[in-house]
Amino acid sequence: MIRNGLDTVRGFRNQLRYWMSVRDCYGSINLMVAIAFGLGITPFLVRRNTHGESSLEQSWYGFLNAIIRWLLLAYCYVHINLNDESLIGYFMSNHVSKVSTRMHDIGGIIVAIFIFIVPLLLRKYFLRSVYTMNEVDQRLERLRCPVNFHAVVGLVILVISLVVLLDAFLLTTCLVCLSKMDVHASWQLTFILIFELMVTSITICMFCLMTRSVQRRIGCLHKVLKNLAHQWDSRSIKAVTQKQRSLQCLDSFSMYTIVTKDPAEIIQESMEIHHLICEAAATANKYFTYQLLTIISIAFLIIVFDAYYVLETLLGKSKRESKFKTVEFVTFFSCQMILYLIAIVSIVEGSNRAIKKSEKTGGIVHSLLNKTKSAEVKEKLQQFSMQLMHLKINFTAAGLFNIDRTLYFTISGALTTYLIILLQFTSNSPNNGYGNSSSCCDTYNNMTNHTL
């Protein structure tokens, strides 16, 4: 037993040492891919061959794990539907709550399909995107502007830690609120609540990791172009012959670039790198597009109904204080609403930052175009400018809408509209269904007794 424990500790230390000593794109995403593999989101694992080279490889267990997770969720949804169980059903039963329950169940099944099954069908896009990123890294290495993989690993560990802490805190708060309200949900309903949140969080983290990878590599490309501009400003670049090839120091931060090539060759290499980055971003979007559409749509529905429950309770809490504790009720649905608000913000901000970073490339290229005196270099820069016009980084949700900050305005407008409709629908309803309003027969008997 002691020997097995020591072997486990050594294995963990070796894995930790591998994560912290990464030298390529595959190693930098190893931790995130391993977590997604364990949850059944992806069938890939990062492995090293005998030569020390890393690559993404499929595992039959990954396919089996994804299918088992989906079947488990399907069983849980079937169970709660047969028993007519739902979280909101413990507190209220009206037309809005019944509709929201059915929509949540349907949405949960759709989420399970698009999180576990669709990625298996689109796995080639994820593999191609990571492979293209690795090729970009090799080209940036040749231009002496490599990606800082240690910073990538540190960022991955930081993001995962923050996600775990946030999810644990809000889930604990929700479960404590349910306990104080004497709500004892079945393990199937509790499993759905916890597992869907975990899977959604890791899927969003994987998407943000890909967008951050695009942003980071565009930043490295900008360094290459800015270093070239710096050399022109300091008049350190002259006609470089084959015999004069060497490395020259650029500034006080010891930034180096390759001057063994002609500036036109560097521009050509930068064009190819930009093309590969855009291709990697487009391929990653093909892999995540249906997952993002599903997550954003379900998150919007949950936010709408949770906001309705909270507002309706606060506006009419005097009628239902005997039914449940108002503070715990509002806290529970507010926490659930905050979780999905953070999900939408994370997706939008991750996409928007990569897009805004890519838009800065045009300004740098045109700055070089104004400074160059060489006709050959000017022609290459004009080609680069044309490429930037026709090849842009963009993230969409199945082509239905763009994922950028304009989505905030769309969601907030739709949220306000639906909340007003729901609140008016409830206020105009003769019986809200909370069990506090008297029936027509009771009202008639009371009036008759009072008259007599």
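For the structure itself, consult the block above.
So, how was this worked out
Residues numbered from 1 in each chain as written. Predicted model: local features only at pLDDT ≥ 70, side-chain atom pairs only at ≥ 80, totals over all residues. Heavy atoms only, no water. Helix = DSSP H or I, 4+ residues; strand = E, 2+ residues; numbered from the N terminus. Contact = heavy atoms within 4.5 Å. Areas by Shrake-Rupley, 256 points an atom, 1.4 Å probe, with all protein chains shown as cover. Phe/Tyr/Trp six-rings, centres within 6.5 Å; stacked < 30°, edge-to-face > 60°. Buried < 20%, exposed > 50% of the residue type's maximum accessible area, 1.4 Å probe, protein only. Polar contact = N/O pair within 3.5 Å; in protein donor to acceptor, adjacent residues only side chain to side chain. Axes fitted to C-alpha atoms, helices over the stretch in contact; angles between N-to-C directions. Parallel < 35°, antiparallel > 145°, perpendicular 65-115°, else oblique. Left-handed = near helix turned anticlockwise from the far one by under 90°. Patch = residues over 30% accessible without salt bridge, like charges linked within 9 Å, V, L, I, M, F, W, Y side chains within 5 Å. Salt bridge = Lys/Arg side-chain N within 4 Å of Asp/Glu carboxyl O. Lys, Arg positive; Asp, Glu negative; His and termini not counted. Charge placed at Lys NZ, Arg CZ, Asp CG, Glu CD. Expected span 1.5 Å × (residues − 1). Arc of directions from axis to C-beta.

**Observations concerning the overall build of the chain**
Consideration 1: When you go through the chain residue by residue, the secondary structure sums to 13 helices and four strands.
Consideration 2: Long-range contacts, defined here as pairs at least 24 residues apart, represent 81% of the contacts in the chain between residues at least 6 apart.
Consideration 3: Accessible surface, the chain as shown: approximately 23600 Å² in total, 61% of it carbon and sulfur.

**Structural notes on the packing of aromatic side chains**
Consideration 1: Scanning all chains against the criterion turns up 15 aromatic pairs.
Consideration 2: Ring geometry for Phe126 versus Tyr287: centroids 5.2 Å apart, planes at 40°, classification tilted. Taken as a pair, Phe126 in helix H6 (residues 123–142) and Tyr287 in helix H9 (residues 263–315) lie far apart in primary sequence, 161 residues in all. You'll find Phe126 and Tyr287 in the same group, each marked buried.

**Re the environment of Asn83**
Consideration 1: Along the chain, Asn83 falls in the loop between helix H4 (60–82) and helix H5 (95–121).
Consideration 2: Owing to a relative accessible area of 48%, Asn83 belongs among the partly exposed residues under this scheme.
Consideration 3: From its side chain, Asn83 meets the backbone oxygen of His79 in a polar contact 2.7 Å long.

**Here we look at the packing of helix H7 (residues 149–180) against helix H10 (residues 326–371)**
Consideration 1: Packing of H7 against H10 brings their axes to within 8 Å, and their N-to-C directions diverge by 155°. Here H10 runs roughly antiparallel to H7, going by the angle between their axes. Remark: the crossing between H7 and H10 carries left-handed chirality. Between H7 and H10, the residues in contact are Leu166, Asp167, Leu170, Thr173, Cys174, Cys177, Leu178 and Lys180 and Glu328, Thr331, Phe332, Cys335, Gln336, Leu339 and Ile342, respectively.

**What to know about a negative patch on the surface**
Consideration 1: A contiguous patch of negative charge, built from Asp262, Glu265, Glu376 and Glu379, is present on the exposed surface.
Consideration 2: Here Glu265 shows up in helix H9.

**Observations regarding unusual backbone geometry**
Most peptide bonds take the trans configuration, and most residues that are not glycine carry a negative phi.
Consideration 1: Although it is not a glycine, Arg144 adopts a positive phi angle of roughly 60°.
Consideration 2: Note that Arg144 resides in the loop between H6 and H7.
Consideration 3: Accessibility expressed as a relative area gives 43% for Arg144, which makes it partly exposed.
Consideration 4: For Ala398, which is not glycine, the phi dihedral falls at a positive 55°.
Consideration 5: Residue placement: Ala398 occurs in the loop between helix H11 (375–390) and helix H12 (406–428).

**Here we look at the pattern of salt bridges**
Consideration 1: Inspection of every chain in the model, using the stated rule, returns eight salt bridges.
Consideration 2: Lys356 is the partner of Glu359 in a salt bridge, and the nearest nitrogen-oxygen pair spans 3.8 Å. On the criterion of helical spacing, the pair formed by Glu359 and Lys356 is a turn pair, its members being three residues apart in helix H10.
Consideration 3: Overall, Lys356 belongs to the partly exposed group, its relative accessible area being 43%.
Consideration 4: Ionic contacts of the salt-bridge type, sharing partners, join the residues Glu135, Arg139, Arg142, Glu269 and Glu272 into one network.

**Some remarks on H11**
Consideration 1: The end-to-end C-alpha separation of H11 is 23 Å, in line with the 22 Å expected for 16 residues at 1.5 Å each.
Consideration 2: Turning to H11, its buried residues are Val377, Leu381, Phe384, Ser385, Gln387 and Leu388. Buried residues of H11, viewed axially, fall in a sector of 160°; they line one side. Residues Ala375, Met389 and His390 are exposed on H11 and point more than 90 degrees away from its buried face.
Consideration 3: Capping the start of H11 is the job of one residue whose side-chain oxygen sits 3.4 Å from the backbone nitrogen of Glu376: Ser374.

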